[in-house]
Amino acid sequence: MKYNKAATISHTLSTTYPCCVKDFNQVILEEDDNLVALPNYFTNVNVIDLDCVELNKAKAEIRPQNKTMDTTFVISNTTTAEMLLVELRFNYRNLSNLDRNELLGKVVGSVLLCSPSVINNNYIFIFQSNLVQQARSRLQRMNPRIPNNYIAMDLAELIATYF
């Protein structure tokens, strides 16, 4: 399955919170402390900023914010469309700080926020290229174990897989 811009832009979250539909490069710039200028990893790719959606929804419902993944977008093939949840973890230096409950909480909060949409079974966590292997190892060694569908990738793998 590959990125589907039209389905992402017409998704209920996009139409309900149009201010939260952002260029993917802008979302990356906001999440990566090492970047000082807008990157150009993607051309004409819009995603839904889940942190923005949750902030607006929590404000409207007068409640504390839930944890969420950073972004979501629709991936599809000829018969199926699903929301892919993506968390950007560019600023991690010490992967022993990865917290199982935080990762689980981000997925749970995002699934609730995106309901009743069909959510892809893989939850993607993006790390710097030089830390991906460490991140994979850390996810596998968490005790109790984190589900196998929590997947560590770098940005190049995300692009190759879904774009």
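Structure's up top.
A. Inspection of the pairing of strand β4 (residues 71–76) at higher detail. With six of six residues buried, β4 is to be regarded as a mostly interior element. Residues of β4 alternate between two faces, with Thr-71, Phe-73 and Ile-75 on one and Thr-72, Val-74 and Ser-76 on the opposite face, all of them buried. With two bridges connecting them, strand β1 (residues 2–3) and β4 associate as antiparallel partners. Residue pairing across strands places Lys-2 opposite Ser-76, the latter belonging to β4. Relative to β4, strand β3 (residues 46–49) is paired through two bridges, and the arrangement is antiparallel. Paired with Asp-49 across the strands is Thr-71, a residue of β4. One ladder, built from six bridges, connects β4 with strand β5 (residues 81–88); its direction is antiparallel.

B. Highlighting the packing of helix α4 (residues 50–61) against helix α5 (residues 100–114). Contact geometry of α4 with α5 gives a least axis separation of 11 Å together with a crossing angle of 70 degrees. When the axis of α4 is compared with that of α5, the two are roughly perpendicular. With respect to the hand of their crossing, α4 and α5 are arranged in left-handed fashion. Residue-level inspection shows Leu-50, Val-53, Glu-54 and Lys-57 of α4 in contact with α5, the latter providing Ser-110, Leu-113 and Cys-114. Partitioning the contact of α4 with α5 into residue classes produces four nonpolar, one polar and two charged.

Each value, and the rule that gives it
Residues numbered from 1 in each chain as written. Predicted model: local features only at pLDDT ≥ 70, side-chain atom pairs only at ≥ 80, totals over all residues. Heavy atoms only, no water. Buried < 20%, exposed > 50% of the residue type's maximum accessible area, 1.4 Å probe, protein only. Helix = DSSP H or I, 4+ residues; strand = E, 2+ residues; numbered from the N terminus. Pairing = 2+ DSSP bridges. Axes fitted to C-alpha atoms, helices over the stretch in contact; angles between N-to-C directions. Parallel < 35°, antiparallel > 145°, perpendicular 65-115°, else oblique. Left-handed = near helix turned anticlockwise from the far one by under 90°. Contact = heavy atoms within 4.5 Å. Nonpolar A, V, L, I, M, F, W, Y, C, P; charged D, E, K, R; others polar.

By themselves, these observations are geometric and do not establish any function.
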